[in-house]
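Take a look at the letters that make up each chain.
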Amino acid sequence: MPARGAAQLSRRMGQKKQRLSEAEQPQRLPDRAQTLSPMEPCLGPPAALGPQRSIYFSGPKSHSAQLGSEFFDQPAVPLARAFLGQVLVRRLDDGTELRGRIVETEAYLGPEDEAAHSRGGRQTPRNRGMFMKPGTLYVYIIYGMYFCMNVSSRGDGACVLLRALEPLGGLETMRQLRSTLRKGTVGRALKDRELCSGPSKLCQALAIDKSFNQRDLAKDKAVWLERSPPGSSEPAVVAAARVGIGHAGEWAQKPLRFYVRGSPWVSVVDRAAEQNAQD
DNA sequence: ATTAGGATCGCCT
DNA sequence: GGCGATCCTAATC
């Protein structure tokens with residue numbers, strides 16, 4: 001019942017304007033969400049895997065490349081930079097794997113950071129994930145209808161916001177998750193660049209909702225991070241002001257947003273910042 | 001109990 | 001570039 005699974009995911013995403021009748025929902029959904037499209041070969045690990053692979057797991061669905069807790073145990077700024085180029089993987093209930101290379105992040109530093117939810121040491125039920133161990137997800141609802149996905153870093157109340165991905169696999173499912181969820185017009189086809197170029201877009205595209213709050217990215221079976229393939233070159237990184245925090249005074253100016261220079265998958269390009277920081 | 005505001009998005013001009 | 005949607009959360013009364 002792949003179609004129904006996707007419908008349930010869709011309804012969990014908080015889109016109240018989605019009032020399709022039960023009868024018409026399956027028609028809007030894929031006839032084969034369970035298998036990847038022939039145009040999108042599985043990008044999972046090859047049959048020959050690294051020495052760390054457990055003998056109890058085999059095949060492309062194993063977490064052989066899942067980055068462990070050590071990776072996340074670093075301060076927010078270096079972690080935000082280290083995320084760039086790594087691959088975020090989301091495995092849906094039906095086995096579909098959605099994959100995207102992280103190309104844009106923001107660091108939130110904790111109590112001293114006036115733009116952070118943890119500013120002034122505020123700790124509330126909502127932002128508890130920011131204070132949990134590095135690698136813990138902090139997923140929250142914004143503007144009543146969208147989600148943002150953060151990963152706790154070293155440092156009390158510090159975390160990294162994931163802002164944009166380059167879609168690598170499962171694009172057809174991403175398109176469905178994104179378009180089904182959008183209100184209004186049935187129509188317009190989404191460009192690939194519209195799938196994951198924003199913090200809430202990527203949550204929609206990967207079916208990340210509040211049920212992922214406080215999960216451990218180093219341990220979870222439905223979402224994890226894989227190191228970029230060996231041989232990948234270090235991306236050139238631009239440091240720019242963070243987006244959408246105009247109220248935060250001097251903290252709004254600090255270059256705590258990081259993105260891959262020249263990537264067409266980034267949500268907001270900052271030409272001025274690119275001029276300044278010539279590598 | 002009430003209220004103000006928000007780490008966004010998509011459509012409009 | 002501007003604006004409305006939409007409702008949860010936290011702070012205040």
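In this convention, every chain numbers its residues from 1, walking through the sequence in written order. Key to labels: chains lettered from A, ligands numbered from 1, both in the order written. In keeping with the predicted nature of the model, local features appear solely for residues at pLDDT of at least 70, side-chain atom pairs appear and are counted solely at 80 or more, and the whole-chain, interface and lining totals rest on all residues. Side-chain numbers come from the whole structure's heavy atoms, not from hydrogens or water.

Chain A has the name DNA-3-methyladenine glycosylase in an unreviewed UniProt entry, where Ursus americanus is given as its organism. In its Sequence similarities (unreviewed entry) section, the UniProt record describing chain A reads: "Belongs to the DNA glycosylase MPG family." UniProt positions are given in the numbering used here, feature names are shortened, and annotations may be inferred rather than shown by experiment. UniProt lists a comment for chain A under the heading Subunit (unreviewed entry), and it reads "Binds MBD1. Binds SSBP1."

Another point: the protein's contact with DNA strand B. We call a residue near a molecule or strand when any one of its heavy atoms sits within 4 Å of it. Around DNA strand B lies a shell of 24 residues, among which His117, Tyr140, Asn150, Arg178 and Ser200 are the nearest. Take the atoms of DNA strand B that sit within 4 Å of the protein: sugar and phosphate atoms are 56% of them. Between N or O atoms, a polar contact is any pair within 3.5 Å; within protein, one atom must be a potential hydrogen donor and the other a potential acceptor, and residues adjacent in sequence are included only when both atoms are from side chains. Interatomic distance of 3.4 Å between a backbone N/O atom of Gly144 and a base nitrogen of DNA strand B. Contact between DNA strand B and Tyr146: a sugar or linking oxygen at 3.3 Å from a side-chain N or O atom of the residue. Put simply, DSSP marks the helices as runs of H or I at least four residues long and the strands as runs of E at least two long, and each gets a number from the N terminus on. Looking at the surface near DNA strand B, the elements with two or more residues in it are strand E3 (137–142), strand E4 (146–152), strand E5 (159–169) and helix H5 (199–205). When residues are sorted by character, Ala, Val, Leu, Ile, Met, Phe, Trp, Tyr, Cys and Pro go into the nonpolar class, Asp, Glu, Lys and Arg into the charged class, and all the rest, Gly among them, into the polar class. Of the residues belonging to the surface near DNA strand B, the class tally is 12 nonpolar, 7 polar and 5 charged.

Buried residues of helix H3 (residues 76–83): Ala76, Leu79, Ala80 and Phe83, and no others. An end-on view of H3 places all buried positions within 100° of arc, on one side of the element. Contacts: residue pairs with any heavy atoms within 4.5 Å of one another. Along its buried surface, H3 packs onto helix H2 (69–72), strand E2 (97–108), E4, E5, strand E6 (223–226) and strand E8 (257–260). Just downstream of H3 lies Gly85, where phi reads positive at about 95°. Relative accessible area decides the class of each residue, using a 1.4 Å probe on protein chains only: under 20% of the type maximum gives buried, over 50% gives exposed, and in between gives partly exposed. Throughout, the arc means the angular range of directions from the helix axis out to the C-beta atoms.

Salt bridges are defined as contacts in which a side-chain nitrogen from Lys or Arg sits within 4 Å of a carboxyl oxygen from Asp or Glu. Under the criterion given, the structure shown has 13 salt bridges. Here Arg242 ties to Asp113 by a salt bridge, and the two come within 2.7 Å at their closest N and O atoms. With Arg242 in the loop between strand E7 (237–240) and E8 and Asp113 in the loop between E2 and E3, this residue pair connects regions lying 129 residues apart in the sequence. Arg242 sits in the buried class, given a relative accessible area of 5%. Several salt bridges converge on common partners, so that one network encompasses Glu104, Glu106, Arg163 and Arg257.

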